[in-house]
Amino acid sequence: MKPVIVVHGGAGRIFKEREEGSRAGVVRAALRGYGVLKQGGSALDAVEEAVRSMEDDPHFNAGCGSVLNEKGEVEMDAIIMDGKNLDSGAVSAVKCIANPIKLARLVMEKTKHMLLTDHGAHLFAQAMGIPETPGEKLITERSRDRWKKNLEPDSNPEEFQKDLGTVGAVAVDHEGNVACATSTGGLSNKLIGRVGDTACIGSGGYADNRSGATSTTGHGESIMKVVLARLILYHMEQGMSPEMAADTALDYMKMRVGGLGGVIVVNSSGEWAARFSTKQMSWATVKDDLLHYGIYAGERHTKSVDEALTSESEGF
């Protein structure tokens, strides 16, 4: 089985000043994840590595760069899932952690549970020896400016929600196992304790070797209403290609609840798709040592992995 990885950096409206950084960030994440796969690593390791790369990148709404809640604090959600045995781990409303995806994987592997939240997740992180990152270190100037603008009486937080940047990855490895991972800072100026689709199995992501893996992005409450990730895999189980399954599910979400979003999908044969109903979504994929990436509908750049790695070392 030839390995494949697909990543996204969030669906919505990507403001001009963030386009270049978003492109570079998803390319870097895809190359890192593919590097794991090429060395014989698991799909699980690859998606975690790709998502960690984007959590560390301030261009995205995950880890460092997360948006702020109503009190001006970072609260993050993440999920990871293993398609081999349907094991999954997730965390929600976590603070002061640089890489929530790492904690989500520890929940999956070190507990009998699937989802830990807020204070409980914090205690678990301490028990696992995860270093605490001061909340201020996760806050970027962009996130703080947006939070302040949303506090103004005539502000329109909905307008800023379109420039989100949730991150995710899906992969299939040499052994044919699939996995997904998704991480986010959620909605700008959200209520304290709000948890969106990302941490919810079947909404923010799903992986099953019998069909494939998917990671979602977009309006969380809409995604939860239609259980978007599982819906896509259901369509694939009925014989649809990843692209058709993604489009069908996104169309249904838009028609049924008026929600917009984006998805990345890979099936157990290595076919992939990156589809979105929003204006933009940053995405990148590597298959057969070829990198493909884009942001706008119809945009698709292609490079060899060697050329991309050279560009990466030279600053993209």
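Residues numbered from 1 in each chain as written. Predicted model: local features only at pLDDT ≥ 70, side-chain atom pairs only at ≥ 80, totals over all residues. Heavy atoms only, no water.

- Per an unreviewed UniProt entry, the recorded name for the chain is Isoaspartyl peptidase/L-asparaginase, and the organism is Falco tinnunculus.
- UniProt, in the comment section headed Sequence similarities (unreviewed entry), describes the chain in these words: "Belongs to the Ntn-hydrolase family." (UniProt positions renumbered as here; feature names shortened; annotations may be inferred.)

Some words on the pairing of strand β7 (residues 205-208)
The two faces of a sheet get side chains in turn, since along a regular strand they alternate between them.
Then, in step 1: Neither face of β7 is left uncovered, since the one carrying Gly205 and Ala207 and the one carrying Tyr206 and Asp208 both have all their residues buried.
Then, in step 2: Inspection of the sheet shows β7 paired to strand β8 (residues 212-218) by 4 bridges, in the antiparallel sense. Residue pairing across strands places glycine 205 opposite serine 215, the latter belonging to β8.
Then, in step 3: Between β7 and β8, which pair antiparallel and follow one another directly, the connecting turn spans 3 residues. (Buried < 20%, exposed > 50% of the residue type's maximum accessible area, 1.4 Å probe, protein only. Helix = DSSP H or I, 4+ residues; strand = E, 2+ residues; numbered from the N terminus. Pairing = 2+ DSSP bridges.)

Some points on the environment of phenylalanine 276
Then, in step 1: As for its position among the elements, phenylalanine 276 is in strand β10 (residues 272-276).
Then, in step 2: Phenylalanine 276 gets classed as buried once you look at its relative accessible area, which sits at 19%.
Then, in step 3: Expressed as a C-alpha distance, the spacing of phenylalanine 276 and alanine 246, which sit 30 residues apart in the sequence, is 8.3 Å.
Then, in step 4: If we ignore the near neighbours within four places in the chain, the residues touching phenylalanine 276 are Leu250, Gly261, Gly262, Met281, Trp283, Ile295, Tyr296 and Ala297. (Contact = heavy atoms within 4.5 Å.)

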